Structure formats: structure tokens, C-alpha cells
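A look at the structure
The residues making up each chain are set out below.
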Amino acid sequence: MKAGRLTWAPWAPAVAGVAAALSAGCAPPSTDGGAQPAPSCAYVVEYDGRTYLGREETTVPVGRSLGPATRPACDDTPGDGDDGEGPVATTAYAVRGVDPAVAVAVAEDTGTHRLVVAESVEDLPPELRKLTGGS
């Protein structure tokens, strides 16, 4: 895989939308002191100094354990009387044939592994497109 070459992909606007939502965080309080509801927290994972965005794929060829990863805390409904979700510790795993700087898999409570792709990736490399059905 050549590093540094990023191209546009049809799914890029969706990833950009998720990234924009993530950079905005959860909804800020309204100016009248109440809280504005926000959409559900996105599936975000932090590993090795990178931020990864979750995908729907949970059947990926998992390789060796890479180490601890974290799903950051999120409160998608501020002011509702709870503190939202706290950070969730998980483990990052290599996805066979894919550079961990591009994507990793994280352990889910259900015993499966969810694919997460680095937010900096704009075009899935061919080896990852094969795993995701080309999307």
C-alpha cells in the first residue's frame, strides 16, 4: 500500500459527515440554560494516538492483539439526569492483511469484533474493500 495518496470515494461524504459530528461533540447547552438533544453518540475508538470510526462489519479476519483501545465517554442527551456513557476499555486487534494505521478490529461484548477505520482514511485500500464488500 502506498502511503500518502488519498483519493475521493463515493462513501467519503458519509465519513466526512460522521467526522464533522464527532468534531462537534455532543450538543452544547442551549442559550436558555436547557440542553439540546443530540443524535446518538457515534462509534468512535481511540487506539495508538489515532481516532477510528466504527463500521457495521463484525465478521473480519482478526489477527494478533495490538493492545488496549478506548471508546471515549459520550453524553448524547445532556441534562436528562444521567451522565451518559463513560469511557469503555476494549482491545484492538490487527485485521489480517490491513495496516493498523488504516483499520483495526475491536472486541465487542458479544464476542465479535467490529471493524473500525482510521478517520484520516478517505479511500479504503483494496485489501479492506474486499472485506467490506467494496463499500
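Treat the numbers as computed from the prediction; the structure is a model and nothing was measured. (Residues numbered from 1 in each chain as written. Predicted model: local features only at pLDDT ≥ 70, side-chain atom pairs only at ≥ 80, totals over all residues. Heavy atoms only, no water.)

It is worth spelling out the pairing of strand 6 (residues 113–118) at this point. Across the 6 residues of strand 6, 6 count as buried, placing the element largely inside the fold. Pairing between strand 2 (residues 50–54) and strand 6: 3 bridges, direction antiparallel. Bridge pairing in strand 6 links L53 to V117. Between strand 5 (residues 103–107) and strand 6, which pair antiparallel in sequence order, lie 5 residues; one of them, G111, sits at a positive phi of approximately 85 degrees. (Buried < 20%, exposed > 50% of the residue type's maximum accessible area, 1.4 Å probe, protein only. Helix = DSSP H or I, 4+ residues; strand = E, 2+ residues; numbered from the N terminus. Pairing = 2+ DSSP bridges.)

According to the stated counting rule, one finds 1 aromatic pair in the structure shown. Summarising the aromatic geometry, the rings of Y47 and Y52 are spaced 6.4 Å apart at their centres and angled 45 degrees between planes, so their arrangement reads as tilted. A residue is classified by how much of its surface remains accessible, and Y52, at 0% relative accessible area, is buried. The residue whose ring lies beneath R114 is Y43, and the NZ or CZ to ring-centre distance is 4.0 Å. (Phe/Tyr/Trp six-rings, centres within 6.5 Å; stacked < 30°, edge-to-face > 60°. Lys NZ or Arg CZ within 6 Å of the ring centre and 35° of its normal.)

Quick look at the side chain of E57 now. Note on placement: E57 falls in the loop between strand 2 and strand 3 (62–71). Engagement of the side chain of E57 in a polar contact is seen with the side chain of R55, the distance being 3.0 Å. (Polar contact = N/O pair within 3.5 Å; in protein donor to acceptor, adjacent residues only side chain to side chain.)

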